[in-house]
Amino acid sequence: MRVSDFTHAVVRTPGVSVVNGLREDAAATPRHGAVLREHMAYVAALAAAGLAVDVLPPLEDFPDSVFVEDPAFVVPEGAILLRPGAPSRLGEREHLRAALAKHFGRVLEVVDGHADGGDVLIAPKVIYIGLSKRTDLAGAQALKAHLETLGRAARIVETPKGVLHFKTACSLLDEETVLATEAMQGMFAELRTLIAPEPAAANALRVNDTVFVGAQYKRTVDLLARDYNVVALDTGEIAKLDAGLSCMSLRWASR
Ligand code: CIR
């Protein structure tokens, strides 16, 4: 099985409160209707790629809860509830517990430090955990220990300065290739690194035989379309919330 072979996903519909989501540029205010449209197209693309998608209801008390990738992490062997590094997001994981318990016999929990799923990249030989403003050493070590319990090797690395999450700057394209920003050069010893012509396009998402790419990143779409079956999805609105394509789902292959 390839790392990006998936049968299931969990997503959460954005609430009206998504307009109050965390972001670096306070002036970039997203519109609820536009985020909702991007989200609906994304869910449709996951379904078209062959996944069964559980759509969870909005959580108005958690403006960033549409980004379900951050409060939990999943591999076929089990699910792990994380401890997001942003105080406003810490409570999101409790709202994923039941949805994950439905699918996973094992739901572990990080209880020390902080770790965001956006800082975790699954590669064929090892799972990378990037230290960032959201993921500290205690959280990364706790997550690494849980992954080892599940039989997975993990490596703690540094996220380049100035990016929110490790995966803001990279994504796995296939078993040998990672799409990444210049700053990530040399990070992945076992993989070929393809530099994204537009750095913000590095958060692409491989799902089965398809690669989702932000539609506004035309040069990256064209480059990847030479070798991959690319689906270009609008991410202009969620980009205002410093988010990309991986952030809006948890994905796994059922065993
Ligand atoms: C946040 O700052 O937490 C959200 N506005 C964006 C989260 C993006 N998630 C991700 O990169 N995995």
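For the structure itself, look to the data block above.
Keep in mind it's a predicted model, so treat the numbers as computed, not measured.

Trainee: I would appreciate a short explanation of the overall build of the protein chain in the present structure.
Mentor: Check the secondary structure of the protein chain and you find five helices and 15 strands. Scaling as 2.2 N^0.38, a compact globule of 255 residues should have a C-alpha radius of gyration of about 18 Å, and the protein chain matches this with 16 Å. Along the first, second and third principal axes, the C-alpha atoms of the protein chain reach 40 × 40 × 35 Å. Pairs at least 24 apart in sequence give 66% of the contacts found in the protein chain among residues at least 6 apart. Working note: accessible area of the protein chain is about 10,500 Å², and carbon and sulfur atoms make up 54% of it. For the protein chain, the distance from the average position of its 27 positive side-chain charges to the average position of its 32 negative side-chain charges is 1 Å.

Trainee: Please clarify how the sheet that holds strand E12 (residues 205-207) should be interpreted in this entry.
Mentor: Strand order in this open sheet of three strands is E12-E13-E14, and the pairing throughout is mixed. Two strands close off the open sheet at either side, each with one partner strand: E12 and strand E14 (229-233). The average undirected angle you get between the axes of adjacent strands in this sheet is 30°. Two elements, E12 and strand E13 (residues 210-214), share three bridges in a ladder whose sense is antiparallel. By the bridge assignment, leucine 205 is partnered in E13 with phenylalanine 212.

Trainee: Got a minute to help me understand the site of the ligand in this structure?
Mentor: Every one of the 14 residues lining the ligand counts as a neighbour, but Asp64, Asp70, Arg89, His165 and Cys247 are closest to it. One of the side-chain N or O atoms of arginine 89 is found 2.8 Å from an oxygen atom in the ligand. Its residues placed into classes, the shell around the ligand shows six nonpolar, two polar and six charged.

Trainee: Just to check I follow, could you spell out unusual backbone geometry for this structure?
Mentor: Glycine aside, a negative phi is what most residues show, and trans is what most peptide bonds show. With phi around 50°, asparagine 208 is a residue other than glycine that occupies positive phi space. Of note, asparagine 208 is situated in the loop between E12 and E13. Of the residues examined, asparagine 208 reaches a relative accessible area of 14% and is grouped as buried. Positive phi, close to 60°, is recorded for aspartate 242, a residue that is not glycine. Inspection of the secondary structure assignment puts aspartate 242 in the loop between helix H5 (236-239) and strand E15 (250-252).

Trainee: Looking at this structure, I do not really get the pattern of salt bridges. What am I missing?
Mentor: Going through the model one piece at a time under the given rule, you end up with 17 salt bridges. Between aspartate 209 and arginine 2 there is a salt bridge, with its nearest N and O atoms 3.0 Å apart. Here the residue aspartate 209 occupies a position in the loop between E12 and E13, and arginine 2 occupies one in the segment before strand E1 (8-12), the gap between them amounting to 207 residues. Judged by its relative accessible area of 33%, arginine 2 falls in the partly exposed class. A cluster of three or more residues bridged by salt bridges with shared partners is formed by Arg2, Asp5, Arg206 and Asp209.

Trainee: Help me out: how do you make sense of the pairing of strand E4 (residues 78-81) in this one?
Mentor: It is a general feature of regular strands that their side chains alternate between the two faces of the sheet. Here E4 shows no split at all, with Gly78 and Ile80 on one side and Ala79 and Leu81 on the other all buried. As paired elements, strand E3 (residues 72-75) and E4 share four bridges and run antiparallel to each other. The partner of alanine 72 across the bridge, within E4, is leucine 81. Hairpin connection from E3 to E4: two residues lie between these consecutive antiparallel strands. Strand direction decides the pairing type here: E4 and strand E5 (residues 107-109), joined by three bridges, are parallel. Bridging across to E5, leucine 81 finds its partner in glutamate 109. Crossover E4 to E5 through helix H2 (residues 94-101) is right-handed.

What counts and how
Here the residue index of a chain counts from 1 through its sequence in written order. Given that this is a predicted model, residues contribute local features only at a pLDDT of at least 70 and side-chain atom pairs are listed and counted only at 80 or more, while totals for whole chains, interfaces and linings are drawn from all residues. Calculated side-chain values reflect all of the structure's heavy atoms, with hydrogen atoms and water omitted. For helices the rule is a DSSP run of H or I covering at least 4 residues; for strands it is a run of E covering at least 2, with both sets numbered from the N terminus onward. The reference for a compact globule is 2.2 Å times residues^0.38; the radius of gyration itself is calculated from the C-alpha atoms. In what follows, residue pairs with any heavy atoms lying within 4.5 Å of each other are defined as contacts. Here the open area of atoms and residues is found with the Shrake-Rupley method and a 1.4 Å probe, where only the protein chains shown may cover a residue. Within this scheme the basic residues Lys and Arg register as positive and the acidic residues Asp and Glu register as negative, but His and the chain ends are omitted. In plain terms, the charge of a residue is placed at NZ if it is Lys, CZ if Arg, CG if Asp and CD if Glu. Between any two strands, pairing holds if DSSP finds at least two bridges. Lines fitted to C-alpha atoms define the axes, with helix axes restricted to the stretch in contact, and inter-axis angles between N-to-C directions lie between 0 and 180 degrees. Only a single heavy atom is needed: when it lies within 4 Å of a molecule or strand, its residue is near that molecule or strand. Within 3.5 Å is the distance limit for a polar contact, defined as a pair of N or O atoms, with the added protein rule that one can donate a hydrogen and the other accept it, and that residues adjacent in sequence qualify only through two side-chain atoms. We call Asp, Glu, Lys and Arg charged. Ala, Val, Leu, Ile, Met, Phe, Trp, Tyr, Cys and Pro are nonpolar, and the rest, Gly among them, are polar. Only protein chains enter the accessibility calculation, which uses a 1.4 Å probe; a residue whose area is less than 20% of its type maximum is buried, one above 50% is exposed, and one in between is partly exposed. Salt bridges are identified by distance alone: a Lys or Arg side-chain nitrogen within 4 Å of an Asp or Glu carboxyl oxygen. Place the viewer so that the strands point away; then a crossover is right-handed whenever the path from the first strand over the helix to the second strand goes clockwise.

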